[in-house]
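Letter by letter, the chains look like this.
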Amino acid sequence: MEDYGRFLALLASALLVGFLSVILSLVWVFHYREGLSWDGGPGEFNWHPVLIITGFVFIQGIAIIVYRLPWTWKCSKLLMKFIHAGLNTTAMILAIVSMVAVFEFHNAKNIPNMYSLHSWIGLTAVIFYSLQLFLGFAVFLLPFAPVRLRAALMPIHIYSGLTIFATVIATALMGITEKLIFALKKPAYSASPPEANLVNSLGLLLVVFGSLILWIASRPHWKRPPAENAKILRPIGATPEGTEVESTMTNSSNADKSDLRGETEAARKQNIKFDEAGQRSTM
C-alpha cells in the first residue's frame, strides 16, 4: 500500500475521534440530561442522539472504509461484502430505533412531529439509506445481477453512500444544536454554559470524523488492489492454466497450443473484469 504510515495514522485518528464522539454523547445524556430510559419521557428521547452518533455516524463510517483496511485484502471478497453489509445493517437498525424513540417521545408530550428542517433532512437520509442498503444487497451481494448492471450502478452506489454519510453528519449537527436551543434556558445557550461547550465539542468531533472517513474513502491509491480481487472462476474439475492443460496437449500442434493459451487468457481477463466491475467498491 502506498503511504501505509499515513493511512494508519488517519485510520487511528478516525477511530479515536469516532469513539470519543460516542463517549461524549453518553456523557451528555447521563451527566447533563435525564439518562436513558424507554418510558415516553426525556430519557427515551435521549436514545435518539446516542444511537444516531453510534450507529448512523460511527458504524456507518467504519462500514465505508472497511474494504480499504490492508490486512483484509487477503480475505475472501464475499466475506468482506458480508461484513460491509452487516455494519450497514446494524447502523440502519440503530437509526430506526432512534427514530422510534423520538416519535414516541413527541407523541407522549404532544409535540408536533416533522416540522423542522432537521427532521425533514433526517428522515430523507434514513429513507435513502434504506434504499441504498436494499439495492446493495440485491445488486452487489446476491449473485443474480448482470455484470453490466453492477458496473453501471457501482459509481452511483459509491457516490450515494458518501453523500448520505455527509448528510447524516450535517443532520446530526443540526439536531444537537436544535436540542441545545430548546433545552438550555437558565443559563441560555448564548451564555455558553458547560453543557453547551461539551455539545459544541461533540459537533466538532463529528465534523473531524466525517472529514477523515471521506478522505480515506476518496484516495484512489488506498483502494483494495485489483490483484487481490482477481479470482479466476474455473468450472469444477478444471485445471490451472499452463500446467496440466499444456501437458494434455503435448501431441497437439503449436497452433492448437497457441489457441488454447489465447482462450485461457481471454477467460482469465474476462473473469478479472467481472470481479472488478461487479464486486469492487471503495466503500
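In short, a report on the structure. (Residues numbered from 1 in each chain as written. Predicted model: local features only at pLDDT ≥ 70, side-chain atom pairs only at ≥ 80, totals over all residues. Heavy atoms only, no water.)

### Side note on the packing of aromatic side chains
Each aromatic ring pair is characterised by the separation of its centres together with the angle its planes make. Scanning the entire structure with this criterion turns up 5 aromatic pairs. Ring geometry for F7 and W222: centres 5.3 Å apart, planes at 70 degrees, overall edge-to-face. You can see F7 sitting in helix α1 (residues 4-32) and its partner W222 sitting in the loop between α7 (194-218) and α8 (226-229), a full 215 residues away along the chain. W222 carries the same exposure label as F7, and that label is buried. Aromatic side chains F45 and F105 sit 5.3 Å apart centroid to centroid with 55 degrees between the ring planes, which places their arrangement in the tilted category. Highlighted residues: F45 in helix α2 (residues 42-45) and F105 in helix α4 (residues 77-108), separated in sequence by 60 residues. What makes F45 buried here is its relative accessible area of 13%. Its guanidinium or amino end placed over the ring of Y67, K77 lies 5.1 Å from that ring's centre, counting from NZ or CZ. The ring of W215 has R219 lying over it, and the distance from NZ or CZ to the ring centre is 3.7 Å. (Phe/Tyr/Trp six-rings, centres within 6.5 Å; stacked < 30°, edge-to-face > 60°. Helix = DSSP H or I, 4+ residues; strand = E, 2+ residues; numbered from the N terminus. Buried < 20%, exposed > 50% of the residue type's maximum accessible area, 1.4 Å probe, protein only. Lys NZ or Arg CZ within 6 Å of the ring centre and 35° of its normal.)

### Regarding the layout of surface pockets
Taken as a whole, the largest pocket spans an internal volume of roughly 630 Å³. Considering the residues around the largest pocket, the lining is formed by 33 residues, among which F45, H48, V102, H118 and E178 are closest to the centre. Those elements that place two or more of their residues in the lining of the largest pocket are α3 (47-65), α4, α5 (117-141) and α6 (147-183). When residues in the lining of the largest pocket are grouped by element, the largest group, 9 residues, is from α6. Here the residues of the lining of the largest pocket sort into 22 nonpolar, 9 polar and 2 charged. (1 Å grid on protein atoms, 1.4 Å probe; cavity = no way out; pocket = protein on both sides within 12 Å on 5 of 7 lines; lining within 4 Å. Points joined across faces, edges and corners; volume = space filled by probe spheres on them. Nonpolar A, V, L, I, M, F, W, Y, C, P; charged D, E, K, R; others polar.)

### Some remarks on the environment of I156
Position of I156 relative to the elements: it lies in helix α6. I156 sits in the exposed class, given a relative accessible area of 52%. Spatially, the C-alpha atom of I156 lies 9.7 Å from that of Q132, the residues being 24 residues apart in sequence.

### Some points on unusual backbone geometry
Among all residues except glycine, the phi angle is most often negative; among peptide bonds, the trans geometry is most common. Between K186 and P187 the backbone carries a cis peptide bond, its omega angle lying at 0 degrees. Within the element layout of this structure, P187 appears in the loop between α6 and α7. The backbone of N110 shows a phi angle near 55 degrees, a positive value even though the residue is not glycine. As for its position among the elements, N110 is in the loop between α4 and α5.

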